[in-house]
Amino acid sequence: MSSVSVPLWSAGRLAASFRRGVLSPLEAATAIVDQMERMDGQVHAFVTRTPELALAMAAQSTDRFATGSPRSPIDGVPVSIKDLEPTAGIRTTYGHSRFRDFVPDHDAPIVERLRAAGTPLLGKTNTPYLGFKDMTDNDVMEPTLNPWDPARTAGGSSGGAAAAVATGMGPIATGGDGAGSIRIPAALCGVVGFKPTFGLIPHGTALEPYASLSHKGPLTRTVADAALMVDAVAGRDGRDPTSFDPPWSSLVDACGGELAGKRLAVSADFGYAPVDPAVRSAVAGAADVYAELGAEVGVAAVPWSDPIDLIRVGWTVQFAARVGEEVVATPDDYEPELREFARAGAALSAVDHVSYLAARHRLSQQMREFFEQWDLLLCPAMPAAAWPVDAPVHRGPSEIDGVVPTDMFERLRFTFPFNLTGLPALAFPIGRDREGLPLGGQLVAGRWRDDLVVAAAARYEEARPWADQWPPDVVL
């Protein structure tokens, strides 16, 4: 067996090979560490690589398999961690030079659970400071580049995670998603990005647990791999009052669910969002596939109006609370757009914020009623393919179907509504544009119906597989 082929393998295939004894976790980790050496200089996915730790953890996993005592279904499967998650003994920069040498003394809950599951840790993936934007650049290192075209962005804020998975530098990467930060880079890099129901994967000590927009979740090459990771880390945690135990036994098992009779609503634009014609066509093609798979497919008008003003309030208040005082004291330490967010949030009143929370609740009720009529929603993940890596934050694509975006949120209209309401949403590849860049679709379901989302995505993947489609310059 050539170790060079191992970086192509899914987490599920690796795990099965460990159980059968045809490949050891140490052999797999060695091959993936070698892949990181080959590829990371091309895309800048990692802020910090930890090859020695990964190999040591893989050796321990190999010993466990030798004695028939693996810790979990993903014991031995290498994983990377987004650099917003604290990792005990591993540098965590949060995407800012102020933390260039910061080494936490504790793990985030998601990291605790991955360590307990026996997954070797490959390192920390790149992110903008505090994940504040949908492009991955900061003052710590070079921007993360799109593996399909290095002149394009990988997206953000989990851009390093998406680029790592898309180039064979580990089959599973953790991400965080406050307005689309898992699904955006997944769509732009041609991988799977899953934002589970809010609270399924617990936070640690959060600044605003009850009003948070942020979800934890995986980026992977296959739907089953995303389910594998979620199964390993989901469930209640006393430090997170919003966390809950899943109502299903296994998301991996849910991947085998059938679509016959499931009601699938399709909306390419929500009735208000500009969408590139290539994305619109790809969504229509995906809808046809679902009809072939037995779903009851219908074009649907969503009952909500554009909630862009809500995300602007939630986002700016969040950053005003986190860094507002520091922005006032040392403004030159922060990017202009982050300063703008923090200052806008500080100018809002408590009444403004409560009104925003009430509007979020109304939006949640509209979506609840929608998903009483439909089992699933199919829509774009992003309205266009990846844009130039050097574009200003508020510009992004120069235009989307003839409309010039004026701020970041105007290109995130398909992602942030489901942060405002906490619903499960999964981005997955549905095609390419004329330049060969990936296009992403998105599946959404009602609260706690993560099982429906992964089942529908897995059925599509079986019909139109994508995991063997690699960027042209990937060395394997």
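Residues numbered from 1 in each chain as written. Predicted model: local features only at pLDDT ≥ 70, side-chain atom pairs only at ≥ 80, totals over all residues. Heavy atoms only, no water.

Looking at this model, I keep getting lost on the overall build of the protein. Mind explaining?
Counting its regular elements, the protein contains 14 helices and 13 strands. Its C-alpha radius of gyration of 21 Å places the protein within 12% of the 23 Å reference for a compact globule of 476 residues. Taking the principal axes of its C-alpha atoms as reference, the protein extends roughly 60 × 60 × 45 Å. Long-range contacts, defined here as pairs at least 24 residues apart, represent 76% of the contacts in the protein between residues at least 6 apart. Surface summary for the protein: the accessible area is close to 16,900 Å², and the carbon and sulfur share equals 52%. Side-chain charges of the protein comprise 41 positive and 58 negative groups, with the mean position of each set lying 2 Å from the other. (Helix = DSSP H or I, 4+ residues; strand = E, 2+ residues; numbered from the N terminus. Rg over C-alpha atoms; globule rule 2.2 N^0.38 Å. Contact = heavy atoms within 4.5 Å. Areas by Shrake-Rupley, 256 points an atom, 1.4 Å probe, with all protein chains shown as cover. Lys, Arg positive; Asp, Glu negative; His and termini not counted. Charge placed at Lys NZ, Arg CZ, Asp CG, Glu CD.)

Explanation requested: the pattern of salt bridges in the structure shown.
Two side chains carrying opposite charge are able to pair once their charged atoms lie near each other. Summed over the entire model, instances satisfying the criterion amount to 28 salt bridges. Here D269 ties to R280 by a salt bridge, and the two come within 3.3 Å at their closest N and O atoms. On the criterion of sequence distance, the pair formed by D269 in the loop between strand 9 (263-266) and helix 9 (277-292) and R280 in helix 9 is long-range, its members being 11 residues apart. Since its relative accessible area comes to 22%, D269 is described here as partly exposed. We classify R280 as partly exposed; its relative accessible area is 34%. (Salt bridge = Lys/Arg side-chain N within 4 Å of Asp/Glu carboxyl O. Buried < 20%, exposed > 50% of the residue type's maximum accessible area, 1.4 Å probe, protein only.)

Sorry, what's going on with the sheet that holds strand 9 here?
Strand pairing in a sheet is mediated by backbone hydrogen bonds. Such pairs are either parallel or antiparallel. Read across the sheet, 11 strands follow the order 1-3-2-6-8-7-12-13-11-9-10 without closing on themselves; strand pairing throughout is mixed. Two strands in the sheet have a free side with no partner beyond their single neighbour: strand 1 (46-49) and strand 10 (296-299). Put simply, the sheet's adjacent strands are angled 25° from each other on average, direction ignored. Inspection of the sheet shows strand 7 (residues 192-195) paired to strand 12 (residues 425-432) by three bridges, in the antiparallel sense. Pairing of K195 across the sheet is with A425, part of strand 12. Each of strand 1 and strand 3 (121-125) touches helix 2 (residues 25-43); the most contacted strand, strand 1, lies at about 140° to it. Sheet contacts for helix 4 (residues 109-117): strand 2 (79-82), strand 3, strand 6 (172-177) and strand 8 (215-220); angle to strand 2, the most-contacted strand, approximately 170°. (Pairing = 2+ DSSP bridges. Axes fitted to C-alpha atoms, helices over the stretch in contact; angles between N-to-C directions.)

What is the right way to read the nonpolar core from this model?
As a rule of thumb, soluble globular proteins bury nonpolar side chains together. If you look at the biggest cluster of nonpolar residues, it comprises 151 residues, and the most contacted ones within it are Y290, L377 and L378. Ranked by the residues each element gives to this core, the list is headed by helix 10 (residues 308-329), at nine residues. The contact partners of L377, leaving out residues within four places of it in the chain, are L264, A265, S267, F270, W304, F370, F371, F418, Q442, L443 and V444. (Core = buried A, V, L, I, M, F, W, Y, C linked by side-chain atoms within 4.5 Å.)

Would you mind showing me how to read the packing of helix 10 against helix 11 (residues 336-346) here?
Helix-helix packing is described using two parameters, namely the angle between the two axes and the distance between the axes. Two elements in contact, helix 10 and helix 11, have axes whose closest approach is 7 Å; the angle formed by their N-to-C orientations is 105°. Put simply, helix 10 runs roughly perpendicular to helix 11. Side by side, helix 10 and helix 11 meet where W315, T316, V317, F319, A320, V323, G324 and V327 of the first sit next to L338, R339, F341, A342, R343, A344, G345 and A346 of the second. Considering only residue class, the contact of helix 10 with helix 11 consists of 11 nonpolar, three polar and two charged. (Parallel < 35°, antiparallel > 145°, perpendicular 65-115°, else oblique. Nonpolar A, V, L, I, M, F, W, Y, C, P; charged D, E, K, R; others polar.)

I would appreciate a short explanation of the side chain of D433 in the present structure.
Positionally, D433 belongs in the loop between strand 12 and strand 13 (438-445). No salt bridge is formed by the buried D433; the nearest opposite charge belongs to R152, separated by 5.8 Å. For D433, the side chain forms a polar contact with the main-chain nitrogen of E435, separated by 2.9 Å. Within the local environment of D433, its side chain forms a polar contact with the backbone nitrogen of L437, the two atoms lying 2.9 Å apart. Ignoring anything within four residues of it in the chain, the contact list for D433 reads A278, A385 and L439. (Polar contact = N/O pair within 3.5 Å; in protein donor to acceptor, adjacent residues only side chain to side chain.)

When you look at the packing of helix 10 against helix 12 (residues 350-373) in this model, what are you seeing that I'm missing?
Running from N to C, helix 10 and helix 12 point in directions that differ by 130°, and their axes come no closer than 10 Å. Judged on the interaxial angle alone, helix 12 and helix 10 are oblique. With respect to the hand of their crossing, helix 10 and helix 12 are arranged in left-handed fashion. The residues of helix 12 that touch helix 10, namely those facing L310, V313, G314 and V317, are H353, Y356, A359 and R360. Tallied by class, residues from the contact of helix 10 with helix 12 come to five nonpolar, two polar and one charged. (Left-handed = near helix turned anticlockwise from the far one by under 90°.)

I'm lost on the pairing of strand 11 (residues 376-380) in this one. Help?
Note on strand geometry: in a regular strand, side chains alternate between the two faces of the sheet. Within strand 11, five of the five residues are buried, which leaves the element mostly enclosed by the surrounding structure. Taken together, the three bridges between strand 9 and strand 11 define a ladder with parallel strand orientation. Bridged to A265 within strand 11 is L377. Note: strand 11 against strand 13, five bridges, orientation antiparallel. The partner of P380 across the bridge, within strand 13, is G441.

Would you mind showing me how to read helix 14 (residues 450-463) here?
An α-helical turn contains 3.6 residues, so any two residues separated by three or four positions project in the same direction. With 14 residues, helix 14 should reach 20 Å at 1.5 Å per residue; the first-to-last C-alpha distance of 20 Å fits that figure. Helix 14 sits mainly inside the fold: 12 of its 14 residues count as buried. Buried within helix 14 we find D450, D451, L452, V453, V454, A455, A456, A457, A458, R459, Y460 and E461. (Expected span 1.5 Å × (residues − 1).)

Please explain the environment of H96 as it appears in this structure.
With respect to the helices and strands, the residue H96 is situated in the loop between strand 2 and helix 4. A relative accessible area of 4% places H96 in the buried class. Along the backbone, H96 and D139 are 43 residues apart, and their C-alpha atoms lie at a distance of 5.9 Å. Among residues more than four places away in sequence, those in contact with H96 are Y129, D139, V140, D333 and Y334. Here the side chain of H96 touches R98 through a polar contact of 3.0 Å, landing on its backbone nitrogen.

Sorry, what's going on with the packing of aromatic side chains here?
In this description, a pair of aromatic rings is defined by centroid distance and the angle of the planes. One pass over the structure, following the stated rule, counts 21 aromatic pairs. Their ring planes at 75° and their centres at 6.4 Å tell us that F132 and F319 sit as a pair that is edge-to-face. Placement of the pair is F132 in the loop between strand 3 and strand 4 (145-146) and F319 in helix 10, with a sequence separation of 187 residues. Each member of the pair, F132 as well as F319, carries the same accessibility label: buried. Ring centres 6.3 Å apart and planes at 85° place the aromatic pair F270 and F418 in the edge-to-face group. (Phe/Tyr/Trp six-rings, centres within 6.5 Å; stacked < 30°, edge-to-face > 60°.)

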